[in-house]
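# Architecture and fold: a report
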Amino acid sequence: MKKFDKERVLLAVAGPVIALAVAFVLSAIVLVASGKNPVEPFAVMFEQAGFSDIQVLIINQASMYYIAALAVAIGFRMNLFNIGVDGQYQLAAMTAAVVGAHADLPAALQVPLLLLTAVLTGAFWSGIAGVLKVTRGVSEVVATIMLNAIATSVIAYMWLPDVFGVKVGNNNTTGEMHESGWIPGIDLGAAGEIYGLVLLAVLLGIGYWVVLNRTRFGFDLRASGASSTAAAASGVDPGRMVLTAMLLSGGIAGLAGLPILLGDTHTYSLNFPTGIGFLGIGIALLGRNSPVGIAFASLLWAWLDKASPELDFHGYDKEIAVIMQGLIVLSVVVSYEAVREWGLRRQQRRVGAELAAGHVLGAHNNTTKEVAGR
């Protein structure tokens, strides 16, 4: 491997490693400050990762985190901050649940219908922010934040009994979906069942890498994110790329809630997971927008979620895991900036050394020519 390639790999790995190390150290400091053992909570959570039932829970949870993080990463690659993934996936899951409860087609048609419903709903909701940015210059951050609030109100309206809501005790639901829309999982016996749409998350990750790194569209997307003016000079329409990126981001975000919807709950209720879109931001940052990096970050986040409840039985607050997640996000920002500065300094030193070497070589050649001329 060339020296330059080794440096690129080192820079890519250094950020996440430093972020995790700093987060663990700061979490330990918090534990010491509260008079607790700084090592035992981590040992307890690492032990949980060895149980097969916890592993199944981690994989299932990670699949949703992964899809949400991919949606965020697409925006990041275009230099867009789609903070509305949370509203997009919740509204998409609600819409898919309503369609699944009222449409009863054969499974070969029902499942694609539900997937398409979720994709179109998420794309439509994010597309509003995209259109506002392209036509009126409205920041996508502001627009998507407001759309998150509107999505919450739309969901509350759809839960009304005279709209699509079905009251089950004190819980608001959309009613149970028809079985033709259920997606069977991978049965592991006593360990539980892995959601069938975990495979969809894998396929999305592969598609994300192929499109961004092996297609003209992916090159245009990355070029527009790096410099819209340079991309425009090469014939790329920046406005079209912004809108396309937002539509793609929202479409993938719409799928984030389907693994659990079609594989477990089969209804959208008050108990449906929330906040996945916001967690996807931290996961995408930790994974550096790489499909493999995001996969590891998703598993890490899911492990913190599913292993932390055991802390209650050992005299520790499970909120330690939440503190660690927050510290990871902060550490990511700081460590990536530190690594970037370090990389720039190394690059400057390397260029300086090459220029100096070229200057010395040029002087030597000139001297040789002078001697030969005599």
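Rules and cut-offs
Residues numbered from 1 in each chain as written. Predicted model: local features only at pLDDT ≥ 70, side-chain atom pairs only at ≥ 80, totals over all residues. Heavy atoms only, no water. Helix = DSSP H or I, 4+ residues; strand = E, 2+ residues; numbered from the N terminus. Expected span 1.5 Å × (residues − 1). Buried < 20%, exposed > 50% of the residue type's maximum accessible area, 1.4 Å probe, protein only. Axes fitted to C-alpha atoms, helices over the stretch in contact; angles between N-to-C directions. Parallel < 35°, antiparallel > 145°, perpendicular 65-115°, else oblique. Left-handed = near helix turned anticlockwise from the far one by under 90°. Contact = heavy atoms within 4.5 Å. Nonpolar A, V, L, I, M, F, W, Y, C, P; charged D, E, K, R; others polar. Patch = residues over 30% accessible without salt bridge, like charges linked within 9 Å, V, L, I, M, F, W, Y side chains within 5 Å. Areas by Shrake-Rupley, 256 points an atom, 1.4 Å probe, with all protein chains shown as cover. Salt bridge = Lys/Arg side-chain N within 4 Å of Asp/Glu carboxyl O. UniProt positions renumbered as here; feature names shortened; annotations may be inferred. Core = buried A, V, L, I, M, F, W, Y, C linked by side-chain atoms within 4.5 Å. Phe/Tyr/Trp six-rings, centres within 6.5 Å; stacked < 30°, edge-to-face > 60°.

### Comments concerning helix α3 (residues 52–77)
For α3, which comprises 26 residues, the first-to-last C-alpha distance of 36 Å matches the rise-based estimate of 38 Å (1.5 Å per residue) to within 8%. Most of α3 is tucked away, with 19 of its 26 residues classed as buried. With its phi angle positive at about 65°, N79 sits one or two positions after the end of α3.

### Brief notes about the packing of α3 against helix α13 (residues 291–307)
With their axes 7 Å apart at the nearest point, α3 and α13 run at an angle of 135° to one another. In terms of their interaxial angle, α3 and α13 are classed as oblique. You can see that α3 and α13 cross each other, and the crossing is right-handed. In contact with I54, L57, I58, Q61, A62, Y65, Y66, A69, L70 and A73 of α3, α13 contributes P291, I294, A295, S298, L299, W301, A302, W303, D305 and K306. Taken together, the residues of the contact of α3 with α13 sort by class into 16 nonpolar, two polar and two charged.

### Some remarks on a nonpolar patch on the surface
A surface patch of nonpolar side chains, amounting to about 380 Å² of accessible area, comprises I18, V22, V25, L26 and I29. With respect to the element layout, L26 can be found in helix α1 (residues 3–33). L26 sits in the partly exposed class, given a relative accessible area of 33%.

### Notes on the UniProt feature "transmembrane region" (unreviewed entry) in the chain
Here, the residues flagged by UniProt with the feature "transmembrane region" (unreviewed entry) are residues 9–34, 54–76, 88–105, 111–132, 141–160, 194–212, 242–263 and 320–339. Helix makes up 83% of residues 88–105 and strand makes up 0%, while its end C-alpha atoms are separated by 25 Å. The distance separating the terminal C-alpha atoms of residues 111–132 is 32 Å; by composition the span is 100% helix and 0% strand.

### Overview of the nonpolar core
In globular proteins that are soluble, nonpolar side chains generally tend to be buried together. In terms of nonpolar packing, the biggest core is built from 94 residues, with L258, L261, L262, Y268, L286 and I328 touching the most fellow members. When residues of this core are assigned to their parent elements, the largest contribution, 15 residues, is made by α3. Excluding anything up to four places from it in sequence, L258 contacts A96, L114, L115, A118, L197 and G263.

### Quick look at helix α11 (residues 258–265)
Taking burial as the measure, the eight residues of α11 include six buried ones, the bulk of the element. The set of residues buried in α11 consists of L258, P259, I260, L261, L262 and G263. Where α11 is buried, its residues meet α3, α4 (85–102), α5 (107–136) and β4 (193–194). After α11 finishes, the residue H266 shows a positive phi value of roughly 60°.

### Looking at the packing of aromatic side chains
On inspection of all chains with the given rule, the structure shows six aromatic pairs. Summarising the aromatic geometry, the rings of Y268 and F272 are spaced 4.7 Å apart at their centres and angled 35° between planes, so their arrangement reads as tilted. Judged by relative accessible area, F272 falls into the buried class, the value being 4%. Taken together through their ring pairs, the aromatic side chains of W159, Y268 and F272 make up a single cluster.

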